[in-house]
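Summary of the model geometry
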Amino acid sequence: MKMLVGMDVEEQQAPALEENSSFSFVDDLNRNCTLSTKQRFHGFAICFVAGLTCTLLSMLVFFKPIKFGITFTLGNLLSLGSTAFLIGPKRQVTMMLDPVRIYATAIYLASMIIALFCALYVHSRLLTLLAIILEFGALIWYSLSYIPFARSMVSKVMVSCFDTDF
C-alpha cells in the first residue's frame, strides 16, 4: 500500500543516517517534507478538484482565448501537481524525465509556458488559441505515455485514418 502512494517501504525502518553521507537537494527536500498517507490523499484531492474546477470553468470563457488560456493552463498545472502528492515530488520528476516520456513532458511543459506567455504578455487571441490547441494535444500525448503501448496504438490508428493510398 505504501508503494502505491509513493512512500518507500524502508521509510519506517530507516536506520540512523551517517554523518558522512551526502544527499542531493531533492533527497533533502523529500526527507524533510514527509506527509502521512491521509495528508497525501487530502493534498491530492484538493489540488485535483481545484485543477478540475479551473479546467471546467475555462469552458465558460471558451470564446475569450486569453482568459481561457490562463484558466485552462492553471487547471493543468494544478492537476499535474496533484499527482506529486500521491507519489512524491522526486518520483514525479523522475517519472516525467523518464526516457520514454521526456519529449512528451518537454512539449507539454513548453506548451503551457507558451500558452501563458501568449495570453499574459502578447495578448493575441489567435496565438493563445493555437498554444491551447498545442497544449491540449501535448496533454493527451503526455497522458498516453503512462499507458503501455497507447502511443504506438494511437499512432497506428492515425496513420491508417490519414493514409492517402487507396
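Residues numbered from 1 in each chain as written. Predicted model: local features only at pLDDT ≥ 70, side-chain atom pairs only at ≥ 80, totals over all residues. Heavy atoms only, no water.

Examining the UniProt feature "transmembrane region" (unreviewed entry) in the protein
In the UniProt entry, the feature "transmembrane region" (unreviewed entry) is given for residues 41-62, 68-88, 100-122 and 128-149. With 82% helix and 0% strand, the stretch residues 41-62 has end C-alpha atoms that lie 31 Å from each other. (UniProt positions renumbered as here; feature names shortened; annotations may be inferred. Helix = DSSP H or I, 4+ residues; strand = E, 2+ residues; numbered from the N terminus.)

Here's the deal with helix H2 (residues 37-58)
In this model H2 runs 31 Å from its N-terminal to its C-terminal C-alpha over 22 residues, within 8% of the 32 Å that 1.5 Å per residue would give. Of all the positions in H2, only Arg40, Gly43, Cys47, Gly51, Cys54, Thr55 and Ser58 are classed as buried. Projected down its long axis, H2 carries its buried residues within an arc of 100 degrees, all on one side. Along H2, exposed side chains directed more than 90 degrees from the buried face belong to Lys38, Ile46 and Leu56. Against helix H3 (65-87) lie the buried residues of H2. (Expected span 1.5 Å × (residues − 1). Buried < 20%, exposed > 50% of the residue type's maximum accessible area, 1.4 Å probe, protein only. Arc of directions from axis to C-beta. Contact = heavy atoms within 4.5 Å.)

A word on the packing of H3 against helix H5 (residues 102-122)
In contact at an axis separation of 9 Å, H3 and H5 are set at 150 degrees when each is read in the N-to-C sense. Note on packing geometry: the crossing formed by H3 with H5 is left-handed. Along its contact with H3, which presents Ile66, Ile70, Thr73, Asn76, Leu77 and Leu80, the element H5 presents Tyr108, Leu109, Met112, Ala115, Leu116, Ala119 and Leu120. Here the residues of the contact of H3 with H5 are counted per class, giving 11 nonpolar, two polar and no charged. (Axes fitted to C-alpha atoms, helices over the stretch in contact; angles between N-to-C directions. Left-handed = near helix turned anticlockwise from the far one by under 90°. Nonpolar A, V, L, I, M, F, W, Y, C, P; charged D, E, K, R; others polar.)

Section: the pattern of salt bridges
Under the definition given, this model contains one salt bridge. Arginine 101 is the partner of aspartate 98 in a salt bridge, and the nearest nitrogen-oxygen pair spans 3.9 Å. Relative accessible area serves as the criterion here: at 28%, aspartate 98 is assigned to the partly exposed category. Owing to a relative accessible area of 9%, arginine 101 belongs among the buried residues under this scheme. (Salt bridge = Lys/Arg side-chain N within 4 Å of Asp/Glu carboxyl O.)

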